[in-house]
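# Observations on the three-dimensional arrangement
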Amino acid sequence: MTWSAEAVDELKLAPTMEGVLPAIHRRWSPRAFDKHDVAAGDLTRLFEAARWAPSSYNEQPWRFLVGHRGTATHQKIVSSLIPFNQLWAAQAPVLILGTAKTHFSHDGSENIYAFYDLGAATALLTVQAAALGLATHQMGGFDHEAARHALEIPDDFLIGSVTALGYLGDPATLANERMIAQEVAPRTRRPLSEIVLSAWGEPARLG
Ligand SMILES: Cc1cc2nc3c(=O)[nH]c(=O)nc-3n(C[C@H](O)[C@H](O)[C@H](O)COP(=O)(O)O)c2cc1C
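For the structure given in this document, a descriptive report is provided here. (Residues numbered from 1 in each chain as written. Predicted model: local features only at pLDDT ≥ 70, side-chain atom pairs only at ≥ 80, totals over all residues.)

### A few points about the sheet that holds strand β2 (residues 94-101)
Pairing within the open sheet is antiparallel, and its 4 strands lie in the order β1-β2-β4-β3. Strands at the two margins of the open sheet, each flanked by one partner only, are β1 (62-68) and β3 (135-139). Pairs of neighbouring strands in the sheet enclose a mean axial angle of 25 degrees, with direction left out of account. Here 7 bridges tie β2 to strand β4 (residues 157-166), and the two strands are oriented antiparallel to one another. Paired with A100 across the bridge in β4 is L158. Those strands touched by helix α7 (residues 144-151) are β1, β2 and β4, and its axis lies near 85 degrees from that of β4. (Pairing = 2+ DSSP bridges. Helix = DSSP H or I, 4+ residues; strand = E, 2+ residues; numbered from the N terminus. Axes fitted to C-alpha atoms, helices over the stretch in contact; angles between N-to-C directions. Contact = placed C-beta atoms within 7 Å.)

This is how it looks when you write it as structure tokens:
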């Protein structure tokens, strides 16, 4: 069966629960990206959403490197990806590398929440992207030290994830059948009873 981008997007919608933000239901991580560049102004909106994330001591430890397809930064990020991720992520019009400053600015002490804060900012970015009709796919599959070297990232910044950004493409544009099968597979999540507890091992009653 041949899937259109629209049909896959429909299939991947999380089951709707009244009152949950539509963009949260709509966000998923595709590998097939359309060639179109991100609409003017939307990149600013995404980083504005990330910028307003909470962070320990309001340090805002995150720094994002943005590479547009055809630029050296995009190419350097692609080169650091593991071969599997290169197969699909190279087509994304924008690649974002998230980093986090390891020490607080106010007293130089170690910020053990830097990575946590980067994750929070990235989560807001992905939800804002979904609200704008954009697709995101985060990746941990890359050589951190190769990225650090190629992009001249200072040692006092942790390297987080790479996020592919763009518009959803047709699954048929993917490199192989396995990837197409994963693209159209239903999404799964652990039940709330497993992840929300009132005591260890005891599901919380949420009402
Ligand atoms: C930190 C992180 C690292 C990930 N690394 C990869 C990766 O290297 N390659 C990949 O194809 N997907 C990667 N993913 C995507 C996850 O597999 C995906 O988010 C998960 O299966 C849930 O699917 P959903 O985002 O569509 O809900 C990563 C996601 C996160 C948050």
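This is not the end of the story, as more comes after the structure.
### Section: the nonpolar core
Counting 33 residues, the largest nonpolar core has A89, A92, L95, V162 and L165 as the members making the most contacts within it. Elements that contribute at least two residues to this core include exactly α3 (42-51), α4 (72-80), α5 (83-89), β2, α6 (114-131) and β4. In this view, L165 contacts V38, A92, V94, I96, A129, L134 and T136; residues no more than four positions away in its chain are not counted. (Core = buried A, V, L, I, M, F, W, Y, C linked by C-beta atoms within 7 Å. Buried ≥ 20, exposed ≤ 12 C-beta atoms within 10 Å, placed from the backbone.)

### Regarding the site of the ligand
Every residue lining the ligand is accounted for by W28, S29, N85, Q138, M139, G140, G141, S161 and R187. Of the residues belonging to the shell around the ligand, the class tally is 2 nonpolar, 6 polar and 1 charged. (Near = placed C-beta within 6 Å. Nonpolar A, V, L, I, M, F, W, Y, C, P; charged D, E, K, R; others polar.)

### Thoughts on the environment of F115
Relative to the helices and strands, F115 is located in helix α6. Look past the residues within four positions of F115 in its chain and what remains in contact with it is A100, L158 and G160.

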